[in-house]
2 protein chains.
Amino acid sequence: MKKSRFLLVEKTLLRLLSAFIATLLVVGGSFAADKPSGDIVYETEYVQLWSQHGDKWSKEDKDLDATLAAMEQKFGKKPNIIHVMWDDNSVGEVGVPLLNKVLGFDTPRFNKMAEEGISFSRMYTEPSCTPTRAAALTGRLSSRTGMFKVGFPVDGAGLNADEVTIAEVLSAAGYKTAFFGKAHQGDIEQSYMQNQGFDVANFSMYNQFPWITWQAQAGVANVIQGLFPFQWDKEYAIDQNFRPLGYINQLEAKKGEKAKVFSGSGIRDYKKLIKLNQMQVINYIKQNAAGDKPFYMAYWPHVYDPFRKPGTFTTSASTWYAESVVELDRDMGQILDTLKESGIAENTLVVAMADNGPFHELHPIGPHELLLRGGKGDYLEGGVRVPAFAWWPGVIEAGQVSGDMVTVYDLFTTFARLGGAMDQIPTDRVIDGVDQTSLLLNGNGHSRRDYVHIYQGDRLSATVKQQFKRVWVDERPGIVSNEAFTDIYKDPREEHHKMPPFLWAWAPFDRMKVRHERLIEKYPNRPVTYGKPYEGIENLPPAAQALADRVPVR
Amino acid sequence: MKKSRFLLVEKTLLRLLSAFIATLLVVGGSFAADKPSGDIVYETEYVQLWSQHGDKWSKEDKDLDATLAAMEQKFGKKPNIIHVMWDDNSVGEVGVPLLNKVLGFDTPRFNKMAEEGISFSRMYTEPSCTPTRAAALTGRLSSRTGMFKVGFPVDGAGLNADEVTIAEVLSAAGYKTAFFGKAHQGDIEQSYMQNQGFDVANFSMYNQFPWITWQAQAGVANVIQGLFPFQWDKEYAIDQNFRPLGYINQLEAKKGEKAKVFSGSGIRDYKKLIKLNQMQVINYIKQNAAGDKPFYMAYWPHVYDPFRKPGTFTTSASTWYAESVVELDRDMGQILDTLKESGIAENTLVVAMADNGPFHELHPIGPHELLLRGGKGDYLEGGVRVPAFAWWPGVIEAGQVSGDMVTVYDLFTTFARLGGAMDQIPTDRVIDGVDQTSLLLNGNGHSRRDYVHIYQGDRLSATVKQQFKRVWVDERPGIVSNEAFTDIYKDPREEHHKMPPFLWAWAPFDRMKVRHERLIEKYPNRPVTYGKPYEGIENLPPAAQALADRVPVR
């Protein structure tokens, strides 16, 4: 304890010193552009990019500041920000007319959103729900926040209160904040969305599986598919506590208040919830359109409803998956329409994207592995690149297609910048997100990122730099394997490996990894945060209380 | 011989009788629409579609006739037709901005062509060059014409004189006809393009490989890659005739005249040839724009040039392949520009497409396997579905994306229809191509095809009907395998097979196959046509003559 307090003091002194030096440099002016602004601790890689492009980027930033200031004057407030993020889609699955035809269902509203805004071919996420969502909230790799594993009932784990979310950052800068849909940030009280900076929140602690595959209400279909796990061995099931019977999922809460269980855990509750969250989103936009304060809304819809009558299918593909995406498309359209009708479209940034690659375990009736190989959970591009669009009429130039590298955690820093809240970003930890305001406002070719570290859990599995990829797993000790390197332009599916042409990249990638690991030594990763589940819930059902009571805290 | 003459008389009588009955029916009017017009022998499958949709399609056809007649009056001639077809591309490889960014090279002109015309997600070809090109020329599956294998020097085989090509069909209806580029229809005199209906032709007998990998001139690069096969075993090469030394490739000729060897067989000749064919195309358009007669031009460019200095690369992908496609894109744009500048764009149909899926043996520096699995040579969708666009300003509605099924041999019948030459189509053989004029003029959703038989060589490997696919190879005798069925909407990469949901389709697919085979019994496939290579060439070099002389005719 003493040692760590000493370290804290030492770190504070160091920070003051470096701030002092930075001030000198700014005053002196000579090297001011050689580092990102402020005292934020960025990945070394980003700092190195600034050392090459700082002069240009500093100038860009001044112009962007002027643009944003002019807009604030015009609209009387900072821009509203809406982040829509759904599950498990692959690049091209929505928003590309030709691929619509390949797949047998249409996404006219995403296609139109792409026409009216910018679509990204290289939006990187983490490979699964909980990590991506944590990274979006914190601007940090999930390996740093301890949020690197997917939470299921009953986990007794979640997002640590000390993490600073974009909702907290923007709240501090005067934004109203709201969360609707799937949070998947755990079942301990500190992880609840209203305790992580959101004024209002209707959110799930887990993903959709408990609703859609575990419940007897789902009926015959699940029995046929073997998806109903709550049957019992007739003779040998000694531990009656093993199955998480009694779990809950969706909560509703306001900042500073206790949570309430919002929805049942049956399939009908879930079906209603999908529609209800969408209604809440539309109402929230309408209610806050004219307000003095801008708003930040995370809408991470549950989307997928596998329980449908075949007679109700509208798509040629005729899968519950295709039907669900078509509904998502319709809902996305409704959001954009509402923004236009409310007269706030030109002061609202909408980012819409998936949270990771296709959940390919559901093939062939689920999301599709398409042009990129791999899906959810994989370090392959198909696992971590998603369809993504940004829309802001009059601000983002229409009809752009961007090949820039950008990540889900960049949104944290970018939203903070747009909200005038950069000084609310904590400076005592690594922030992986970089400010991509220039990419949004200046367009294709203006990304400030050309690298991404791909984690699976807390393991660094691969690193991408520009068009090159180095896979760290399964390397032969001391030497690379033939699968170690890929040029993802030449080999977008990462199937045709040839090591010799890439041996020039061996040392540069090694250096990247060492720098990355050194920064972790300096700013250690947070371990998983465990706690007692289901605390702080007003109307906790007895079955859920019993479940929480019988789960030992780790 | 007597028997076959009897059969011929019998067939003629039968045809007269059926024509008589057809006339009666037309007069009677009651069943007139139950079959495709004319006496063309179509695949049974197509006749069955007419029995379901004949009334509607007959009406459509009358309207289309009126439209075409009005256009002919306006422009003073039938429409010009240009068929551009290049090698080995996958669906999405050109013409889709987002996929450009995935691959690291841009195809702005194909993207614009797609915006200005219609792009097809399900244009089917045969799985390789010679078969697809023969099918385009004859409107028939290559298994029927004996053109089902890829020709290489020295083959002594080629397209039979009795086959009736689209050039012959349109010539008979008053069109001027021209061929530029890669024909790949064999090295026997009857197969030469000027002997197959083209007024002027500058064409190759084989594909690009002899130029780009066999020649010493290609230099060091080929030696490094092991692509130079004309080295000799130093002790044991007894047969000195085994290697096809002395081969030629590109010929030039006019209808009714002998051919001339046009180009050398070295890499420099080849590089020049690519540019030269493009110039010939541009000149041909300019020279024939104002003429009394419409023209049909097949431009099947050689495109791929693997011998480049790295310093000349313009693409991010930086492969010879990407550079070649970018040049093709530029050339495509030049053609469309020339049509507009010549004032004939509104009376010219341009169809641009690849001839088969990606040549995946060249991965990762060649064409890409993208959203569909498989490539050249495969019965998988990736082998037989290609990027394809049709462009006809003012006639084809701009910006359409079609999910209709259409094939390369449909172009034969469609071009004949547009040229007013349906009565020139032979009626003594099966014609696989169906008239897709309605798809072009009425747009997406108006295809008259919902099936395709996929051959590899002369083996029927798979059959597609609507979104379903049945694979015939590797079936367990008497029962299907798990890989037998695919729903290509749900599983576009044909990777996630599930047999049970498709067992309803077992008998329907079996019936399709039986009907297909019965028609072959009635109209037998032509065997491969063999002959002495290199006859009918004025300036045949002695080495080529020697090669031809030492190859025994089969």
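What counts, and where the lines are drawn
- Residues numbered from 1 in each chain as written.
- Chains lettered and ligands numbered in written order.
- Predicted model: local features only at pLDDT ≥ 70, side-chain atom pairs only at ≥ 80, totals over all residues.
- Heavy atoms only, no water.
- Axes fitted to C-alpha atoms, helices over the stretch in contact; angles between N-to-C directions.
- Helix = DSSP H or I, 4+ residues; strand = E, 2+ residues; numbered from the N terminus.
- Contact = heavy atoms within 4.5 Å.
- Nonpolar A, V, L, I, M, F, W, Y, C, P; charged D, E, K, R; others polar.
- Buried < 20%, exposed > 50% of the residue type's maximum accessible area, 1.4 Å probe, protein only.
- Buried area = accessible area lost by both parts, 1.4 Å probe.
- Salt bridge = Lys/Arg side-chain N within 4 Å of Asp/Glu carboxyl O.
- Pairing = 2+ DSSP bridges.
- Phe/Tyr/Trp six-rings, centres within 6.5 Å; stacked < 30°, edge-to-face > 60°.
- 1 Å grid on protein atoms, 1.4 Å probe; cavity = no way out; pocket = protein on both sides within 12 Å on 5 of 7 lines; lining within 4 Å.
- Points joined across faces, edges and corners; volume = space filled by probe spheres on them.
- Polar contact = N/O pair within 3.5 Å; in protein donor to acceptor, adjacent residues only side chain to side chain.
- Least-squares fit on C-alpha atoms with pLDDT ≥ 70 in both.

**Student:** Is there a simple way to think about the packing of helix H2 (residues 44-75) of chain A against helix H15 (residues 506-522) of chain A in this case?
**Tutor:** Relative orientation and spacing of two packed helices are given, respectively, by the angle between their axes and the distance between those axes. Residues and elements named next belong to chain A. Where H2 contacts H15, the two axes come as close as 9 Å, and the packing angle between them is 115°. Contacts from Thr-44, Glu-45 and Gln-48 in H2 reach Met-512, Arg-515 and Leu-519 in H15. Looking at the contact of H2 with H15, its residues break down into two nonpolar, two polar and two charged.

**Student:** I tried to follow the environment of Gly374(A) on my own but got confused; where do I start?
**Tutor:** Residue and element names in this part refer to chain A. The topology assignment puts Gly-374 in the loop between strand S9 (348-354) and helix H12 (381-384). Note on Gly-374: relative accessible area 5%, which makes it buried. Beyond its immediate sequence surroundings of up to four residues, Gly-374 is in contact with Pro-358, His-360, Glu-369, Leu-380, Gly-382 and Gly-383.

**Student:** In this structure, what is going on with the interface of chain B and chain A? I would like to understand it.
**Tutor:** The extent of an interface is frequently quoted as the accessible surface area lost upon association of the parts. The interface of chain B with chain A comprises 41 residues on the first partner and 41 residues on the second. For the chain B and chain A pair, buried surface summed over both sides reaches about 3,300 Å², with 69% attributable to carbon and sulfur atoms. It is Leu98(B), Tyr489(B) and Lys490(B) in chain B that bury the most area against chain A; as a group they hold 21% of the surface buried on that side. Inspection of the region where chain B meets chain A yields zero salt bridges.

**Student:** Could you clarify how one ought to interpret the sheet that holds strand S16 (residues 485-487) of chain B in this entry?
**Tutor:** Paired through backbone hydrogen bonds, the strands of a sheet run either parallel or antiparallel to each other. Residues and elements named next belong to chain B. If you walk across this open sheet you meet the four strands as S13-S14-S15-S16, and the pairing is antiparallel. Two strands close off the open sheet at either side, each with one partner strand: strand S13 (451-456) and S16. Taken over all neighbouring pairs, the strand axes of this sheet differ in orientation by 20° on average, direction set aside. Contacting S13, strand S14 (459-465), strand S15 (468-471) and S16, helix H15 (residues 506-522) runs over the sheet at an angle of about 130° to S14.

**Student:** When you look at helix H13 (residues 410-418) of chain A in this model, what are you seeing that I'm missing?
**Tutor:** Along an α-helix, a turn takes 3.6 residues, which lines up residues three or four apart on a common side. Residue and element names in this part refer to chain A. Extensive coverage of H13 is indicated by the burial of nine of its nine residues. When H13 is considered as a whole, its buried residues turn out to be Asp-410, Leu-411, Phe-412, Thr-413, Thr-414, Phe-415, Ala-416, Arg-417 and Leu-418. In the segment just after H13, Gly-420 is the residue with positive phi, at about 65°.

**Student:** How should I be thinking about the packing of aromatic side chains in this particular structure?
**Tutor:** Each aromatic ring pair is described using two quantities: the centre-to-centre distance and the angle formed by the ring planes. By the definition in use, this model includes 43 aromatic pairs over all chains. Summarising the aromatic geometry, the rings of Tyr42(B) and Tyr46(B) are spaced 4.8 Å apart at their centres and angled 70° between planes, so their arrangement reads as edge-to-face. Using a relative accessible area of 6% as the deciding quantity, one classes Tyr42(B) as buried. With 5.7 Å between their ring centres and 25° between their planes, Tyr304(B) and Tyr321(B) make a pair best called stacked. Highlighted residues: Tyr304(B) in the loop between strand S8 (295-300) and helix H11 (320-341) and Tyr321(B) in helix H11, separated in sequence by 17 residues. Side by side, Tyr304(B) and Tyr321(B) carry an identical accessibility label, which is buried. Among the aromatic residues, those joined into a ring-pair cluster are Phe179(A), Phe198(A), Tyr296(A), Trp300(A) and Phe415(A).

**Student:** So what exactly am I meant to see when it comes to empty space enclosed by the protein here?
**Tutor:** If a probe the size of a water molecule is rolled over the atoms, the empty space left behind becomes visible. The final tally for this structure, using the stated rule, is twelve cavities of 30 Å³ or more. What the largest cavity holds in volume is close to 80 Å³. For the largest cavity, the lining is made up of 13 residues, of which Thr130(B), Met147(B), Lys149(B), Asp155(B) and Gly158(B) are closest to its centre. Each residue belonging to the lining of the largest cavity can be placed in one class, and the counts come to four nonpolar, seven polar and two charged. What lines the second largest cavity is Thr130(A), Gly146(A), Met147(A), Lys149(A), Gly151(A), Asp155(A), Ala157(A), Gly158(A), Gln185(A), Gly186(A) and Val528(A). For the lining of the second largest cavity, the residue count by class is three nonpolar, six polar and two charged.

**Student:** Would you mind showing me how to read the side chain of Lys469(A) here?
**Tutor:** You can see Lys469(A) is positioned in strand S15 (residues 468-471). Looking at Lys469(A), its side chain comes within polar contact range of the side chain of Glu494(A), at 2.9 Å.

**Student:** Any chance you could explain the relation of the copies chain B and chain A here in plain terms?
**Tutor:** Note that the two copies of the chain are related through a rotation about an axis and a translation along the same axis. Expressed as a screw transformation, the operator carrying chain B onto chain A has a rotation angle of 180° and an axial translation of 0.0 Å, and the superposed copies differ by an RMSD of 0.0 Å. Within this description, the copies of the chain are treated as partners about a two-fold rotation axis. By C-alpha distance to the rotation axis, the residue of chain B lying nearest is Leu371(B), at 2.0 Å. Of the interface residues in chain B, 100% have counterparts in chain A that sit at the interface too, so the contact is made through matching surfaces.

**Student:** Any chance you could explain the pattern of salt bridges here in plain terms?
**Tutor:** Opposite charge on two side chains allows them to pair when their charged atoms are near. All names here are of chain A. Here the structure, examined in full by the defined rule, presents 78 salt bridges over all chains. Between Asp-65 and Arg-417 there is a salt bridge; the shortest N-O distance is 3.0 Å. Linking Asp-65 in helix H2 with Arg-417 in helix H13, this pair joins segments that are 352 residues apart in sequence. Looking at Asp-65, the relative accessible area reads 41%, which means it is partly exposed. A salt bridge links Glu-381 to Arg-385, with the nearest nitrogen and oxygen atoms 2.9 Å apart. A single burial state applies to Glu-381 and to Arg-385, both of which are buried. Salt bridges sharing common partners tie together Glu-60, Asp-61, Asp-65, Arg-417, Asp-435 and Arg-448.

Purely geometric stuff here, so don't read any function into it on its own.
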